[in-house]
Each structure stands twice: as C-alpha cells, then as structure tokens.
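Chain and residue survey
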Amino acid sequence: MTSSARLVIVGPQGSGKGTQGARIAELLRIPAVSTGDVFRANIAEGTPLGEQVKAITAAGDLVSDELTGQIVRDRLSQDDAARGFLLDGYPRNLHQVGDLDTFLNGRGEQLDAVIELSVPRDESMARLALRATAQGRTDDTEEGIAKRLSIYESETAPILDVYRERGIVDSIDGVGTLDEITERIVAALTARGITRPAAV
Ligand code: ADP
C-alpha cells in the first residue's frame, strides 16, 4: 500500500518551518515546495518573475494570489509530486486555501495533514534576529519582520481554523532541539498513517 503524503507546514516567521519542512520532506521522500525559496531563487537569478516580486518581498508584502497560485500549481504538476508534497509558505491566506482546494479537488486529491509549528513570540523574534545576521535576507529588517508577523497573525493564522474543522491539523510544540521537533512531527504524522514509503 502506498499512502499519500500531501502536507502543508504552517508557522510564524522564525518558527523553523523551513528547516523542519525540508527534513520531513526528505524523510517521506516527497518534494518540499517553499514559495519563499522559489521567489528568492528567481530574484537571485534575475528572472522576469524575480524582477516582478523583488520589491514586494523586500517590503514584506504578499505577492498576488494569482501569481503565487500559478507557481504552486506548476510545481505540483510535476511528476515527483504525484504521491505527495510538503508545502511551506503556501497557502498563506484564505483565498489561497480556496485556490489550493480547487486545484487538488480537480485532481481527485486532498490534503492529508497540516502541521502547525507553535513558538512563543519572544523565541521567534530571537531566532529571526540570528537569521538576519547569518543569512542576510533583505526582508529580515526590523520593519520587514514586524510586517510579516502581523500579516501572519491577521491573514495566515485564520487558515488553521478552516483546516482544524477538517480535522487535519497537528499542532506541534516548536521549542526544543531540531531533532526533538522533527520527532514530534514524525510521531504526529505516523499516527495519521503517513509514513516513509518502503525503499524501491
Ligand atoms: P517568511 O515565512 O519568513 O515570511 P517566506 O520565505 O515564506 O518567509 O516568504 C518570503 C516572502 O515571499 C513573503 O514575505 C512574501 O513576500 C512572499 N511569499 C511567500 N509565500 C507567499 C504566498 N503564499 N503568497 C504570497 N506571497 C508569498
């Protein structure tokens, strides 16, 4: 039996969702799809998409739902995402939840689990300050961080209520060592029957 693993990881900036998302995707042998990474790669390469989103992401604003949705649909249509995927940074508002539902329903698919990573505000702010120094992200200014956190609270956190009603949210304590947090997520997914596929 091959179970599907169609996952979303949600958490505030500094919650570690990018790091944990990549680990979980590797363990489950599914692609991790980070919209933020796609935008950053395009900006670094100077592609037309990069030029289009550069100022928006630098200011900490959201790229349009249409453009972001198109990028996600294109990526999820590739062969390696047929059995599953882990979305990081998408959906980010209720409109994007609807867009993703429409796309998945059209393929006779649905999300299997939504991982919510919870961290107290002080902890995420401290981690972001470190990341700003370590990675030099242009949107990790004090102003940019504050704006993204406030958009997270007003637009992204509400998507969890929708998914909670579907009974697919696993809330994970995001404070601990990297391995501890990965283990918590793996345990929650295992309880849903989502496990690493047998090697082929
Ligand atoms: P963070 O979670 O720290 O804000 P991300 O890497 O997820 O970082 O996103 C970086 C930026 O990319 C966002 O501030 C936004 O401008 C853009 N972005 C990423 N995902 C989306 C999305 N789903 N919808 C709109 N904009 C997005």
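Going by an unreviewed UniProt entry, the protein chain carries the name Adenylate kinase and comes from Microbacterium elymi. Under the UniProt heading Pathway (unreviewed entry), the entry covering the protein chain gives this text: "Purine metabolism; AMP biosynthesis via salvage pathway; AMP from ADP: step 1/1." The UniProt entry for the protein chain carries the following comment under Function (unreviewed entry): "Catalyzes the reversible transfer of the terminal phosphate group between ATP and AMP. Plays an important role in cellular energy homeostasis and in adenine nucleotide metabolism."

1. Details of the site of the ligand
What surrounds the ligand is a group of 19 residues, the closest being Thr35, Arg40, Asp61, Gly89 and Arg148. Gln13 places a polar side-chain atom, nitrogen or oxygen, 3.0 Å from an oxygen atom of the ligand. Interatomic distance of 2.5 Å between a backbone N/O atom of Asp61 and an oxygen atom of the ligand. Protein coverage of the free-state accessible area of the ligand, which is 550 Å², stands at 97%. Classifying every residue of the shell around the ligand by side-chain character gives four nonpolar, seven polar and eight charged.

2. Quick word on helix α6 (residues 121–135)
Here α6 contains 15 residues, and its C-alpha end-to-end distance of 21 Å stays within 8% of the 21 Å for a straight helix at 1.5 Å per residue. Gly136, located one to two residues past α6, shows a positive phi value of around 60°.

3. Examining the UniProt feature "binding site: AMP" (unreviewed entry) in the protein chain
Per the UniProt annotation, the sites labelled "binding site: AMP" (unreviewed entry) are Thr35, Arg40, Asp61, Leu62, Val63, Gly89, Tyr90, Pro91, Arg92, Gln96, Arg137 and Arg148. Look at the named residues: they lie 114 residues apart in sequence, and the longest C-alpha span between them is 24.7 Å, so in the fold they stay spread out. Here Thr35 is to be found in helix α2 (residues 35–45). Apart from residues lying up to four places away in sequence, Thr35 is in contact with Thr68, Val72, Asp88, Gly89 and Tyr90. Relative to the elements of secondary structure, Arg137 occurs in the loop between α6 and α7 (142–165). Overall, the relative accessible area of 18% leaves Arg137 in the buried class. With residues near it in sequence (within four places) discarded, Arg137 still touches Arg40, Arg131, Ala132 and Arg148.

4. Some details on the nonpolar core
Ranked by size, the top nonpolar core spans 21 residues in total, and within it Leu76, Leu87, Leu100, Leu111, Val114 and Tyr163 carry the most contacts. For this core, the secondary structure elements donating two or more residues are β1 (5–10), α4 (65–76), β3 (84–88), α5 (94–106) and α7. When residues no more than four places from it in sequence are discounted, the contact partners of Leu100 are Leu76, Leu87, Tyr90, Pro91, Leu111 and Tyr163. Leu7, Ala25, Ile181 and Ile185 belong to the second largest nonpolar core, which has 17 residues in total.

5. Some details on the sheet that holds β3
The strand order across the open sheet built from five strands is β2-β3-β1-β4-β5, with neighbouring strands paired in parallel fashion. Looking at which strands have only one partner, the edges of the open sheet turn out to be β2 (32–34) and β5 (169–173). Within this sheet the neighbouring strands show an average axis-to-axis angle of 20°, counted without direction. In this sheet, β5 lies alongside strand β4 (residues 113–118) in parallel orientation, the contact comprising five bridges.

Reading guide: rules and limits
- Residues numbered from 1 in each chain as written.
- Predicted model: local features only at pLDDT ≥ 70, side-chain atom pairs only at ≥ 80, totals over all residues.
- Heavy atoms only, no water.
- UniProt positions renumbered as here; feature names shortened; annotations may be inferred.
- Near = heavy atom within 4 Å.
- Polar contact = N/O pair within 3.5 Å; in protein donor to acceptor, adjacent residues only side chain to side chain.
- Areas by Shrake-Rupley, 256 points an atom, 1.4 Å probe, with all protein chains shown as cover.
- Nonpolar A, V, L, I, M, F, W, Y, C, P; charged D, E, K, R; others polar.
- Helix = DSSP H or I, 4+ residues; strand = E, 2+ residues; numbered from the N terminus.
- Expected span 1.5 Å × (residues − 1).
- Contact = heavy atoms within 4.5 Å.
- Buried < 20%, exposed > 50% of the residue type's maximum accessible area, 1.4 Å probe, protein only.
- Core = buried A, V, L, I, M, F, W, Y, C linked by side-chain atoms within 4.5 Å.
- Pairing = 2+ DSSP bridges.
- Axes fitted to C-alpha atoms, helices over the stretch in contact; angles between N-to-C directions.

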